[in-house]
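Residue strings, one per chain:
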Amino acid sequence: MKKIIFLDFDGVLNTEHNQNMLMYHGKPWKDKHGAFFDSDAVAELKRIVEETGADIVIESSWKYLGLEAMKQMWSDRNMPGNVIDVTPSSASDNLLLNADLDDVDPGRTQWKGVEIASWIADNLHEEARYVIIDDEYVILDSQLPHFILTNPYDGITPELADRAIKILNG
């Protein structure tokens, strides 16, 4: 069964704690790809990938640099897992043709949720499990059982990684 991690970066891997510590100690806080990721959050992502075999789809705003740039950063930084794609920047025709408009709350910005739903509609043609890891509640209501909300200060913690593994492994 295919397993996918829809992954945000800022507030998930790029944590406020890590950035504050790097700046406090006068250490570099970014490279040519952008802000450095928190090694603790990366270790938890690695554990999720190792225990589930899930692939990664980037849903972070960093995706606008392009899939090849994301794959290059993943390689350069020796990141865990396999980045297979980025979410689209708008709703796809497949999603729009089959959309449940009751799922959209007009009082909440859900653009990432729509982009994730579009990616699923366009790419997952067999049974699959997925998790969305983000520091903002930007999902569709139907995605709530798959959603892990991080605190931007800490990013992915051991407890959140455990929840993600449980969702992906059923």
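Refer to the structure presented above.
The text that follows walks through the structure, step by step, so that each part is easy to find. (Residues numbered from 1 in each chain as written. Predicted model: local features only at pLDDT ≥ 70, side-chain atom pairs only at ≥ 80, totals over all residues. Heavy atoms only, no water.)

Scanning the protein for helices and strands turns up six helices and seven strands. When burial is assessed residue by residue, the protein has 47% of its 170 residues classed as buried. For the protein, long-range pairs separated by at least 24 residues make up 73% of all intrachain contacts whose partners lie at least 6 apart in sequence. (Helix = DSSP H or I, 4+ residues; strand = E, 2+ residues; numbered from the N terminus. Buried < 20%, exposed > 50% of the residue type's maximum accessible area, 1.4 Å probe, protein only. Contact = heavy atoms within 4.5 Å.)

This part covers the sheet that holds strand β7 (residues 147-149). One open sheet holds the five strands; their spatial order is β5-β4-β1-β6-β7, and the pairing between them is parallel. Each edge of the open sheet is held by one strand with a lone partner, namely β5 (83-86) and β7. Averaged over all pairs of adjacent strands, the angle between strand axes in this sheet comes to 25°, irrespective of strand direction. With three bridges joining them, strand β6 (residues 128-134) and β7 adopt parallel strand pairing. Its bridge partner lying in β7, D134 is registered against L149. Helix-sheet contacts for helix α2 (residues 39-52) involve β1 (2-7), β4 (55-58) and β6, and the interaxial angle to β1 is about 165°. (Pairing = 2+ DSSP bridges. Axes fitted to C-alpha atoms, helices over the stretch in contact; angles between N-to-C directions.)

Before going further, it helps to examine the pairing of β5. Alignment of β4 against β5, held across three bridges, turns out to be parallel. Residue pairing in the sheet places I56 in a bridge with V83 of β5. On the question of chirality, the crossover connecting β4 to the parallel β5 by way of helix α3 (residues 67-76) is right-handed. (Right-handed = clockwise from strand over helix to strand, strands pointing away.)

This part covers the nonpolar core. In terms of nonpolar packing, the biggest core is built from 31 residues, with I5, L7, F9, L13, L45, W74 and I133 touching the most fellow members. Those elements that provide at least two residues to this core are β1, α2, β4, α3, β5, β6 and α6 (158-169). Apart from the residues within four sequence positions on either side, L45 is in contact with I5, L7, L13, I56, W74, M79, P80 and I156. Counting residues in each nonpolar core, the second largest holds 11 residues, with W119, I120, I132 and F147 among its members. (Core = buried A, V, L, I, M, F, W, Y, C linked by side-chain atoms within 4.5 Å.)

Taking 1.5 Å of rise per residue, the 12 residues of α6 would be expected to cover 16 Å, and the 16 Å separating its terminal C-alpha atoms lies within 8% of that figure. Those residues of α6 that fall on the buried side of the exposure criterion are L160, A161, A164, I165 and L168. Down the axis of α6, the sector holding all buried residues measures 140°, keeping them to one side. In α6, the exposed positions angled more than 90 degrees off the buried face are occupied by E159 and K166. Of the surrounding secondary structure, the elements contacted by the buried residues of α6 are β1, α2, β6 and β7. Looking one or two places after α6, you find G170, whose phi comes out positive at around 75°. (Expected span 1.5 Å × (residues − 1). Arc of directions from axis to C-beta.)

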